[in-house]
Amino acid sequence: MFSVLGLWLLRGLSYLPLSWLRALGAGLGALLYRVVRSRRHVVLTNLRVCFPHLSDAEREALARQTFVHFAQAWLDRSWLWHRSAACIQSRVPLTGEVQALSADEPTVLFAPHFVGLDVGWTLLTLRLPLHFTTIFTPQSNATVDAWVAQGRQRFGQVRLFRREDGVKPIVSALRKNELLYLLPDMNFGPSESIFVPFYGELAATVPSLSRFAKLGRARVVPVITRMTDTGYEVVVHPAWTDFPTDDPAADTALMNQRLEGFINAMPAQYFWVHKRFKTRPVGAPDIY
């Protein structure tokens, strides 16, 4: 069970050389792959659905690497949330269309669930003198919840909204040019979800990217974080010029299509541990 002692252990691990910490994460990931059978099944099933052209051996190798990256990213939160700003900036460059974020224009940052998602948020709030908001999902463990909330509010001018806060305060902040760091690519259940293709399989997807962009009269800018041997790289991509439209379903399908392109560039770093296809269309068989 995660406890205050666990937090102190992570704080201590933050001072290890990054190569040592990554080696520890590789070992932890390999162990989790072996012992957490239920989650291993989820990852292998997701990969079978999304990458049917791969052999069983190739999907197993990808699944093993997914567990390694997941464990490494978890341990990396030690230095991300406990080391100095100088340490973070030395390990995480910010590249791409960074200057465009300072434009006086409502902006939704499309930040998919790659393992470095907290790194992207932390670096943006550290480096840019702008206002940021995001939607915070409470953790089931109170100690972890407090630690994550504190870590995500460590730098800059930020606000964390909870889902029960509703749409209105988020849209209001967006219209005041507070950048919304949005992660809309998980399965949040049947409520308000629509079914659109994801790697050719219908997946319940919340059309929140289209909705917030429309309500906030905002542009959408993808922000993708990649784990590297020396840390991470956060890349700000050009704004989408054809988004949103008047068709939320078409927008959400396009979001998934473009997400596939980002995933294909680093498939082992995506959150395959999540049951992306848990919610099924009526009459469709259970995938898991």
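This text follows the structure it describes.
The following refers to the structure shown. Please read all numbers here as calculations on a predicted model, not as lab measurements.

A few words now on helix α10 (residues 248-265). Given a rise of 1.5 Å per residue, 18 residues ought to cover 26 Å, and the 26 Å separating the end C-alpha atoms of α10 matches this to within 8%. Buried within α10 we find Asp251, Thr252, Leu254, Met255, Asn256, Leu259, Glu260, Phe262 and Ile263. Structurally, α10 contributes buried residues whose contacts are with β2 (107-110), β6 (194-198), β7 (201-205), α9 (208-215) and β8 (219-228). Structurally, the start of α10 carries an N-cap: the backbone nitrogen of Ala249 is 3.1 Å from a side-chain oxygen of Asp247.

With respect to the secondary-structure elements, Thr225 resides in strand β8. Setting aside residues no more than four positions away along its own chain, Thr225 makes contact with Phe114, Gly116, Val119, Gly120, Tyr232, Glu233, Val234, Met266 and Gln269.

Turning to the packing of helix α4 (residues 56-82) against helix α7 (residues 142-152), a few remarks are in order. It is at 10 Å that the axes of α4 and α7 come closest, and there the two elements cross at 50°. If you check the angle between α4 and α7, you find them oblique. For the element pair α4 and α7, the recorded crossing hand is left-handed. Here α4 contributes Trp74, Arg77, Trp81 and His82 to the contact with α7, which in turn contributes Val144, Trp147, Val148, Gly151 and Arg152. In terms of residue class, the contact of α4 with α7 is built from 5 nonpolar, 2 polar and 2 charged.

Moving on to the packing of aromatic side chains. With the rule as written, the count across this model stands at 17 aromatic pairs. Ring geometry for Trp121 versus Phe132: centroids 6.1 Å apart, planes at 75°, classification edge-to-face. With Trp121 in helix α6 (residues 117-127) and Phe132 in strand β3 (residues 131-136), this residue pair connects regions lying 11 residues apart in the sequence. Overall, Trp121 belongs to the buried group, its relative accessible area being 2%. Phe132 sits in the buried class, given a relative accessible area of 1%.

Enumeration over the complete set of coordinates arrives at 12 salt bridges. Taking the shortest distance from any N to any O, the salt bridge between Asp56 and Arg59 comes out at 2.8 Å. Of this pair, Asp56 and Arg59 both sit in helix α4, 3 residues apart, roughly one helical turn. According to the relative accessible area criterion, Asp56 is exposed, its value standing at 61%. Across the pair Asp118 and Arg152 runs a salt bridge whose closest N-O atoms are separated by 2.6 Å. A residue pair is termed long-range when its members are at least 10 positions apart, and Asp118 in helix α6 and Arg152 in helix α7 qualify at 34 residues. We note that Asp118, like Arg152, is buried. Through salt bridges with shared partners, a single ionic network connects Arg77, Asp118 and Arg152.

Let us look at unusual backbone geometry. In the segment running from Phe243 into Pro244, the intervening peptide bond is cis, with an omega of 0°. Residue position: Pro244 is located in the loop between β9 (231-236) and α10. With a phi close to 70°, Asn177 is a non-glycine residue in the positive phi region. In this fold, Asn177 is placed in the loop between α8 (168-175) and β5 (179-182). The partly exposed category is assigned to Asn177, whose relative accessible area is 24%. Unlike most non-glycine residues, Tyr199 shows phi in positive territory, near 55°. With respect to the element layout, Tyr199 can be found in the loop between β6 and β7. Among the residues examined, Tyr199 registers a relative accessible area of 14% and is labelled buried.

Cut-offs used in this document
- Residues numbered from 1 in each chain as written.
- Predicted model: local features only at pLDDT ≥ 70, side-chain atom pairs only at ≥ 80, totals over all residues.
- Heavy atoms only, no water.
- Helix = DSSP H or I, 4+ residues; strand = E, 2+ residues; numbered from the N terminus.
- Expected span 1.5 Å × (residues − 1).
- Buried < 20%, exposed > 50% of the residue type's maximum accessible area, 1.4 Å probe, protein only.
- Contact = heavy atoms within 4.5 Å.
- Polar contact = N/O pair within 3.5 Å; in protein donor to acceptor, adjacent residues only side chain to side chain.
- Axes fitted to C-alpha atoms, helices over the stretch in contact; angles between N-to-C directions.
- Parallel < 35°, antiparallel > 145°, perpendicular 65-115°, else oblique.
- Left-handed = near helix turned anticlockwise from the far one by under 90°.
- Nonpolar A, V, L, I, M, F, W, Y, C, P; charged D, E, K, R; others polar.
- Phe/Tyr/Trp six-rings, centres within 6.5 Å; stacked < 30°, edge-to-face > 60°.
- Salt bridge = Lys/Arg side-chain N within 4 Å of Asp/Glu carboxyl O.

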